[in-house]
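Fold and contact review
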Amino acid sequence: MQLDSPGLQVLTREECLGLLSAAPIGRIVFTDHALPAVQPVNFRLNDQAIVIRTTIGSKLAAATRRAVVAFEADEIDPELRTGWSVTAVGQARAVTDPAEIDLLAALPLTTWAPGSRDHYIVVEAEHISGCLVTATHSSGSATPQPARG
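Residues numbered from 1 in each chain as written. Predicted model: local features only at pLDDT ≥ 70, side-chain atom pairs only at ≥ 80, totals over all residues. Heavy atoms only, no water.

**Some words on the overall build of the chain**
Stated precisely, the cut-off is as follows: Helical segments are the DSSP runs of H or I of at least four residues, strand segments are the runs of E of at least two, and each set is numbered from the N terminus. Residue burial considers only the protein chains on display, and all accessible areas are found by Shrake-Rupley using a 1.4 Å probe.
Per the secondary structure count, the chain includes 3 helices and 9 strands. Mapped in sequence order, the helices and strands of the chain form the string β-α-β-β-β-α-β-β-α-β-β-β. Carbon and sulfur atoms form 56% of the exposed surface of the chain, whose accessible area is close to 8,600 Å².

**Details of the pattern of salt bridges**
Our working definition: Should a side-chain nitrogen of Lys or Arg be within 4 Å of a carboxyl oxygen of Asp or Glu, the pair is scored as a salt bridge.
Per the stated rule, a full pass over the model turns up 5 salt bridges. A network of salt bridges, in which partner residues are shared, links Arg27, Glu72 and Asp74.

**Topic: the nonpolar core**
Put simply, the test is: Buried Ala, Val, Leu, Ile, Met, Phe, Trp, Tyr and Cys residues form a nonpolar core when they are joined through side-chain atoms within 4.5 Å. Here the term buried applies to any residue with accessible area under 20% of the maximum for its type, exposed to any over 50%, and partly exposed to those in between, with areas from a 1.4 Å probe on protein chains only. Note on definitions: a residue-residue contact is assigned when non-hydrogen atoms from the two residues lie within 4.5 Å.
Leu20, Ile28, Phe43, Ile50, Ile52 and Phe71 are the most contacted members of the largest nonpolar core, which has 29 residues in total. Elements that contribute at least two residues to this core include exactly helix H1 (13-22), strand S2 (25-32), strand S3 (35-46), strand S4 (49-54), helix H2 (59-64), strand S5 (68-77), strand S6 (82-94) and strand S7 (119-133). Tallying contributions element by element places S7 first for this core, with 5 residues. Ile28 has contacts with Ala37, Val38, Gln39, Val41, Ile52, Leu60, Thr64, Val69, Ala70, Phe71 and Val123, leaving out every residue within four places of it along the chain. Val51, Val95, Leu109 and Val122 belong to the second largest nonpolar core, which has 8 residues in total.

**Notes on the side chain of Glu72**
Operational definition: Here a polar contact is recorded for every N or O atom pair within 3.5 Å, except that within protein the pair must consist of a potential hydrogen donor and a potential acceptor, and residues adjacent in sequence are included only if both atoms are side-chain atoms.
Structurally, Glu72 can be placed in strand S5. With a relative accessible area of 16%, Glu72 lands in the buried category. A polar contact of 2.5 Å, which involves the side chain of Glu72, links it to the side chain of Arg27. Of the polar contacts made by the side chain of Glu72, one reaches the side chain of Ser85; its length is 3.1 Å. Other than its neighbours up to four places away in sequence, Glu72 contacts Gly26, Arg27, Ser85, Val86 and Thr87.

**Topic: the pairing of S3**
We count it as follows: Being paired, for any two strands, means DSSP has found at least two bridges between them.
As judged from the 8 bridges shared by S2 and S3, these two strands associate in the antiparallel manner. Bridging across to S3, Ile25 finds its partner in Asn42. Count of turn residues in the S2/S3 antiparallel hairpin: 2 residues, of which His33 carries a positive phi of about 55°. Hairpin connection, S3 to S4: the antiparallel pair is bridged by 2 residues, and Asp47 has positive phi, about 60°.

**Description of H1**
This is how the line gets drawn: Throughout, the arc means the angular range of directions from the helix axis out to the C-beta atoms.
All of the buried residues along H1 are Cys16, Leu17, Leu19 and Leu20. For H1, the buried positions fall inside an angular range of 165° around the axis, keeping them on one side. Looking at the packing, one finds that the buried side of H1 touches S3, S5, S6 and S7.

If you want it as C-alpha coordinates, here you go:
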(Lines give C-alpha, C1' and ligand atoms only; values in the text may rest on other atoms or scores of the structure.)
Protein backbone atom coordinates (compact mmCIF):
# COMPACT_ATOMS: atom_id res chain seq x y z
CA MET A 1 0.00 0.00 0.00
CA GLN A 2 1.45 3.34 -1.09
CA LEU A 3 0.73 6.45 1.00
CA ASP A 4 1.02 10.06 -0.09
CA SER A 5 2.51 12.87 2.03
CA PRO A 6 -0.66 13.46 4.13
CA GLY A 7 -0.90 9.70 4.75
CA LEU A 8 -3.76 8.93 2.35
CA GLN A 9 -3.69 5.63 0.47
CA VAL A 10 -2.79 6.19 -3.18
CA LEU A 11 -5.01 4.27 -5.59
CA THR A 12 -3.86 2.58 -8.78
CA ARG A 13 -5.32 3.58 -12.14
CA GLU A 14 -7.39 0.38 -12.15
CA GLU A 15 -8.75 1.10 -8.65
CA CYS A 16 -9.60 4.65 -9.72
CA LEU A 17 -11.48 3.42 -12.79
CA GLY A 18 -13.35 0.88 -10.67
CA LEU A 19 -14.53 3.59 -8.29
CA LEU A 20 -15.48 5.92 -11.13
CA SER A 21 -17.52 3.17 -12.77
CA ALA A 22 -19.78 3.03 -9.71
CA ALA A 23 -20.20 6.79 -9.15
CA PRO A 24 -23.31 8.48 -10.59
CA ILE A 25 -22.17 12.10 -10.23
CA GLY A 26 -18.90 13.87 -10.86
CA ARG A 27 -17.66 17.39 -11.45
CA ILE A 28 -16.09 18.65 -14.64
CA VAL A 29 -13.66 21.55 -14.39
CA PHE A 30 -13.29 23.69 -17.51
CA THR A 31 -12.53 27.26 -18.55
CA ASP A 32 -15.39 29.72 -19.05
CA HIS A 33 -14.47 33.25 -20.16
CA ALA A 34 -10.85 32.69 -19.06
CA LEU A 35 -11.93 31.65 -15.56
CA PRO A 36 -12.15 28.19 -13.97
CA ALA A 37 -15.66 26.77 -13.86
CA VAL A 38 -16.98 23.63 -12.17
CA GLN A 39 -20.20 21.87 -13.07
CA PRO A 40 -21.72 18.72 -11.56
CA VAL A 41 -22.65 16.14 -14.19
CA ASN A 42 -24.01 12.65 -14.54
CA PHE A 43 -21.53 10.44 -16.36
CA ARG A 44 -20.56 6.92 -17.30
CA LEU A 45 -17.31 5.27 -18.24
CA ASN A 46 -16.92 3.79 -21.68
CA ASP A 47 -13.74 1.74 -21.42
CA GLN A 48 -11.48 4.34 -19.79
CA ALA A 49 -13.21 7.42 -21.22
CA ILE A 50 -15.63 9.62 -19.27
CA VAL A 51 -18.90 10.18 -21.14
CA ILE A 52 -21.18 13.13 -20.36
CA ARG A 53 -24.54 14.03 -21.94
CA THR A 54 -25.55 17.65 -22.35
CA THR A 55 -27.35 19.93 -24.79
CA ILE A 56 -25.50 21.03 -27.90
CA GLY A 57 -25.90 24.74 -27.11
CA SER A 58 -24.87 24.52 -23.47
CA LYS A 59 -22.00 26.47 -21.95
CA LEU A 60 -20.40 23.12 -21.06
CA ALA A 61 -20.59 21.87 -24.66
CA ALA A 62 -19.00 25.03 -26.02
CA ALA A 63 -16.30 25.32 -23.35
CA THR A 64 -15.09 21.73 -23.52
CA ARG A 65 -14.73 21.42 -27.28
CA ARG A 66 -11.11 20.24 -27.80
CA ALA A 67 -10.11 21.62 -24.41
CA VAL A 68 -8.10 20.05 -21.63
CA VAL A 69 -10.41 19.56 -18.65
CA ALA A 70 -10.30 18.03 -15.21
CA PHE A 71 -12.90 15.65 -13.85
CA GLU A 72 -13.43 14.65 -10.23
CA ALA A 73 -15.71 12.23 -8.44
CA ASP A 74 -15.75 11.17 -4.83
CA GLU A 75 -17.69 9.53 -2.08
CA ILE A 76 -17.24 10.68 1.49
CA ASP A 77 -18.88 9.42 4.67
CA PRO A 78 -18.49 12.25 7.21
CA GLU A 79 -19.65 10.10 10.14
CA LEU A 80 -17.14 7.30 9.49
CA ARG A 81 -14.55 9.75 8.15
CA THR A 82 -13.89 7.48 5.19
CA GLY A 83 -14.18 7.75 1.46
CA TRP A 84 -12.34 8.18 -1.78
CA SER A 85 -11.57 10.82 -4.38
CA VAL A 86 -10.53 10.35 -8.00
CA THR A 87 -9.33 13.03 -10.42
CA ALA A 88 -8.83 12.65 -14.16
CA VAL A 89 -7.31 15.10 -16.61
CA GLY A 90 -7.62 14.83 -20.36
CA GLN A 91 -8.85 16.36 -23.57
CA ALA A 92 -12.59 16.69 -24.06
CA ARG A 93 -14.17 16.23 -27.44
CA ALA A 94 -17.64 16.53 -28.86
CA VAL A 95 -18.90 13.31 -30.42
CA THR A 96 -20.11 13.83 -33.99
CA ASP A 97 -19.72 10.38 -35.56
CA PRO A 98 -23.21 8.81 -35.86
CA ALA A 99 -21.92 5.29 -35.12
CA GLU A 100 -20.20 6.50 -31.92
CA ILE A 101 -23.33 8.44 -30.90
CA ASP A 102 -25.37 5.24 -31.27
CA LEU A 103 -22.83 3.38 -29.12
CA LEU A 104 -22.89 6.05 -26.40
CA ALA A 105 -26.69 6.31 -26.51
CA ALA A 106 -26.82 2.65 -25.48
CA LEU A 107 -24.92 3.37 -22.24
CA PRO A 108 -26.99 3.48 -19.05
CA LEU A 109 -26.41 7.24 -18.79
CA THR A 110 -29.42 9.19 -17.60
CA THR A 111 -29.26 12.81 -16.62
CA TRP A 112 -30.93 14.42 -13.65
CA ALA A 113 -31.35 17.78 -15.38
CA PRO A 114 -34.60 18.31 -17.29
CA GLY A 115 -34.75 18.56 -21.06
CA SER A 116 -33.18 16.79 -23.97
CA ARG A 117 -29.54 15.79 -23.59
CA ASP A 118 -28.55 14.49 -27.01
CA HIS A 119 -25.01 15.88 -27.22
CA TYR A 120 -22.14 13.72 -25.97
CA ILE A 121 -18.81 14.89 -24.59
CA VAL A 122 -16.03 12.35 -24.12
CA VAL A 123 -13.04 13.00 -21.87
CA GLU A 124 -10.09 10.74 -22.60
CA ALA A 125 -8.53 10.26 -19.14
CA GLU A 126 -4.82 10.74 -19.86
CA HIS A 127 -3.83 11.29 -16.23
CA ILE A 128 -5.82 9.70 -13.43
CA SER A 129 -5.12 9.64 -9.72
CA GLY A 130 -7.00 8.96 -6.55
CA CYS A 131 -6.80 8.39 -2.85
CA LEU A 132 -8.62 6.43 -0.19
CA VAL A 133 -9.48 8.16 3.06
CA THR A 134 -9.52 5.86 6.07
CA ALA A 135 -10.81 6.40 9.59
CA THR A 136 -8.27 7.20 12.28
CA HIS A 137 -8.29 6.30 15.94
CA SER A 138 -7.51 8.88 18.60
CA SER A 139 -3.93 7.57 18.54
CA GLY A 140 -3.73 8.75 14.93
CA SER A 141 -3.20 5.30 13.42
CA ALA A 142 -5.28 4.52 10.38
CA THR A 143 -7.85 1.78 10.35
CA PRO A 144 -8.52 0.63 6.79
CA GLN A 145 -12.14 0.97 5.77
CA PRO A 146 -13.47 -0.35 2.49
CA ALA A 147 -14.54 2.30 0.03
CA ARG A 148 -18.20 2.11 -0.80
CA GLY A 149 -19.34 2.64 -4.30
